Amino acid sequence: MFAVTILGNNSAIPTPDRHPTSQVITYNDQLILVDCGEGTQMQLQRYKIKRGRIRHIFISHLHGDHYFGLIGLINSMSLLGRIEPLSVYGPPELEEILQIQLHVAATTLNFELNFHPLLPGQTGVVLKEKEMEVSFFPTRHRIPCYGFSFSLQRRKRRIIPEQARIYEIPAAFYSKLQEGADYERKDGKVVKNDWVTLPPPRAKRYVYCADSIYDEDLVPHMKEADIVYHETTYLHDLSQRAADRFHSTTVQAATLAKMAGAHRLLIGHFSSKYTELQPFLDETRPVFPETELAIEGVTYLI
Ligand SMILES: [Zn+2]
Ligand SMILES: [Zn+2]
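Residues numbered from 1 in each chain as written. Chains lettered and ligands numbered in written order. Predicted model: local features only at pLDDT ≥ 70, side-chain atom pairs only at ≥ 80, totals over all residues. Heavy atoms only, no water.

- Looking up the protein in an unreviewed UniProt entry gives the name Ribonuclease Z, with the organism given as Chitinophaga niabensis.
- You can read under Function (unreviewed entry) in the UniProt record for the protein the words "Zinc phosphodiesterase, which displays some tRNA 3'-processing endonuclease activity. Probably involved in tRNA maturation, by removing a 3'-trailer from precursor tRNA." (UniProt positions renumbered as here; feature names shortened; annotations may be inferred.)

### Here's the deal with the pairing of strand E14 (residues 204-208)
And then number 1: A large share of E14 lies buried, amounting to four of its five residues.
And then number 2: Sheet topology note: the strand E9 (residues 145-152)/E14 ladder contains five bridges and is antiparallel. Paired with Ser-151 across the two strands is Arg-205, which belongs to E14. (Buried < 20%, exposed > 50% of the residue type's maximum accessible area, 1.4 Å probe, protein only. Helix = DSSP H or I, 4+ residues; strand = E, 2+ residues; numbered from the N terminus. Pairing = 2+ DSSP bridges.)

### Quick look at the sheet that holds strand E3 (residues 30-36)
And then number 1: On the basis of which strands lie adjacent, the open sheet formed by seven strands has the order E6-E5-E4-E3-E2-E1-E18 and mixed pairing. Taken across any chain shown, the strands that pair with only one partner, and hence form the sheet edges, are strand E6 (113-117) and strand E18 (299-301). Here the strands of the sheet are splayed against their neighbours by 20° on average, with no regard to which way each runs.
And then number 2: Of the pairings in the sheet, the one linking strand E1 (residues 2-8) to E18 comprises three bridges and is antiparallel in character. For Ala-3, the partnering residue across the bridge sits in E18 and is Leu-301. (Axes fitted to C-alpha atoms, helices over the stretch in contact; angles between N-to-C directions.)

### A few points about the coordination of the zinc ion (ligand 1)
For a metal with four donors in a tetrahedral arrangement, the ideal angle between donors is 109.5 degrees, while six donors in an octahedron ideally sit at 90 or 180 degrees.
And then number 1: For the zinc ion (ligand 1), every protein donor is listed as Asp-65 (OD), His-66 (NE2), Asp-211 (OD) and His-269 (NE2), and the spread of their distances is 2.1 to 2.2 Å.
And then number 2: Along the chain, the residues donating to the zinc ion (ligand 1) are arranged with the sequence spacing D-H-x144-D-x57-H.
And then number 3: The distance between the zinc ion (ligand 1) and the zinc ion (ligand 2) comes to 3.4 Å, with Asp-211 serving as a donor to both metals. Of the two residues, Asp-65 sits in the loop between strand E4 (54-58) and helix H2 (70-79) while Asp-211 sits in the loop between E14 and helix H7 (219-222), which places them 146 residues apart along the sequence. (Donors = N, O, S within 2.8 Å, 3.2 Å for Na, K, Ca; no water.)

### What to know about the packing of H2 against helix H3 (residues 93-104)
And then number 1: It is the contact of H2 with H3, at a shortest axis distance of 11 Å, that shows an interaxial angle of 55°. Comparing their axes, H3 and H2 come out oblique. Here H2 runs over H3; the crossing is right-handed. Counting all contacts with H2, which are made through Leu-70, Ile-71 and Ile-74, the residues of H3 involved are Leu-94, Leu-98, Gln-101 and Leu-102.
And then number 2: Within the contact of H2 with H3, the residues separate by chemical class into six nonpolar, one polar and no charged. (Parallel < 35°, antiparallel > 145°, perpendicular 65-115°, else oblique. Left-handed = near helix turned anticlockwise from the far one by under 90°. Contact = heavy atoms within 4.5 Å. Nonpolar A, V, L, I, M, F, W, Y, C, P; charged D, E, K, R; others polar.)

### Brief notes about the domain arrangement of the protein
And then number 1: Examined at the domain level, the protein breaks down into domain 1 (2-154 + 202-301) and domain 2 (158-198).
And then number 2: Between the C-alpha centres of domain 1 and domain 2 the distance comes to 43 Å. (Domains from an automatic or database assignment.)

### A look at the coordination of the zinc ion (ligand 2)
And then number 1: Distances from the zinc ion (ligand 2) to its protein donors, His-61 (NE2), His-63 (ND1), His-141 (NE2) and Asp-211 (OD), fall within 2.1 to 2.4 Å.
And then number 2: Geometry at the zinc ion (ligand 2) is irregular, judged from its four donor atoms and the angles of 90 to 171° they form at the metal.
And then number 3: Mapped onto the polypeptide sequence, the residues donating to the zinc ion (ligand 2) form the spacing pattern H-x1-H-x77-H-x69-D. (Tetrahedral: all angles 85-135°; square planar, octahedral: opposite > 155°, others 65-115°.)

### Side note on the UniProt feature "active site" (unreviewed entry) in the protein
And then number 1: Per the UniProt entry, the sites bearing "active site" (unreviewed entry) are Asp-65 in this numbering.
And then number 2: Aside from chain neighbours lying at most four places away, what touches Asp-65 is Ser-11, Ala-12, Pro-20, Thr-21, Gly-37, Asp-211 and His-269.

### Focus on the packing of aromatic side chains
Pairs of aromatic rings are described using the distance from one ring centre to the other and the angle between the two planes.
And then number 1: Across all of its chains, the model carries 12 aromatic pairs by this definition.
And then number 2: Taking 6.3 Å as the distance between ring centres and 50° as the angle between the ring planes, the aromatic pair formed by Phe-148 and Phe-150 counts as tilted. Of the two residues, Phe-148 and Phe-150, neither departs from the other in class, the shared state being buried.
And then number 3: Considering the side-chain rings of Phe-150 and Tyr-206, the 6.3 Å spacing of their centres and the 25° angle between planes classify their relative orientation as stacked. Taken together, the residues span a long stretch of sequence, with Phe-150 in strand E9 and Tyr-206 in strand E14 at a distance of 56 residues. Residue Phe-150 shares its accessibility class with Tyr-206, and that shared class is buried. (Phe/Tyr/Trp six-rings, centres within 6.5 Å; stacked < 30°, edge-to-face > 60°.)

This is the structure we're talking about:
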């Protein structure tokens, strides 16, 4: 399973039923938190997501609607007896902010907090594990801001059943075939792995574009992603306001998703001035039909 659950879909000001930005990525029993606006830990509880299972937290930028919930979450993790290390990725100033917050409260965490600074002007892979690879890239916002690309590697080769039968390979050996092993028959002849298998399917990819003005430089990062999340703070009649505040509109997000050949587009970070979200879809879908609203509590399979 590779999925993203929305915890907050609002822009700067929280409302009773819409929260600032936060999302949880789930892959094979692992959790990654992406941004941590105010109220994130309450949202985790509401949707019964175990905060103890979060191992990595990515913070896109230091506007409060993307990280004001972080110190609260870290504190609760410690109070609840967490001992597993936690990795936090974000702008370098975030480390200082966290240290001051912990220092003035004379708080010593029970667990190791590993901070990975995302330095301005840098880009590239920031986390590489057996299954998950995360890279980051700059977006154009009022302050330094990063998007993230989450790529779930799929390593098992695909067996071609007819071929496997022709070479009389027993089913018990299939899991080894998926790992790339050759098969040696009783008569000593070797069946090469690539005679009976195909390469693994391509990695699945979720691209989170954080906050950004309309920026075609994002397109290469969004290229053919399974799901792209792009903010749509405003409907398109407010494109001037969006530009002034380094945010985007419906039509702009849809245009980039189309240019990138993305499979699906998820839109969020709605200004709290809007009470109805349907107009966001109505404006986006004519440009990019495979668009969905980021709705809190909803999980989207990638
Ligand atoms: Zn924001
Ligand atoms: Zn922002």
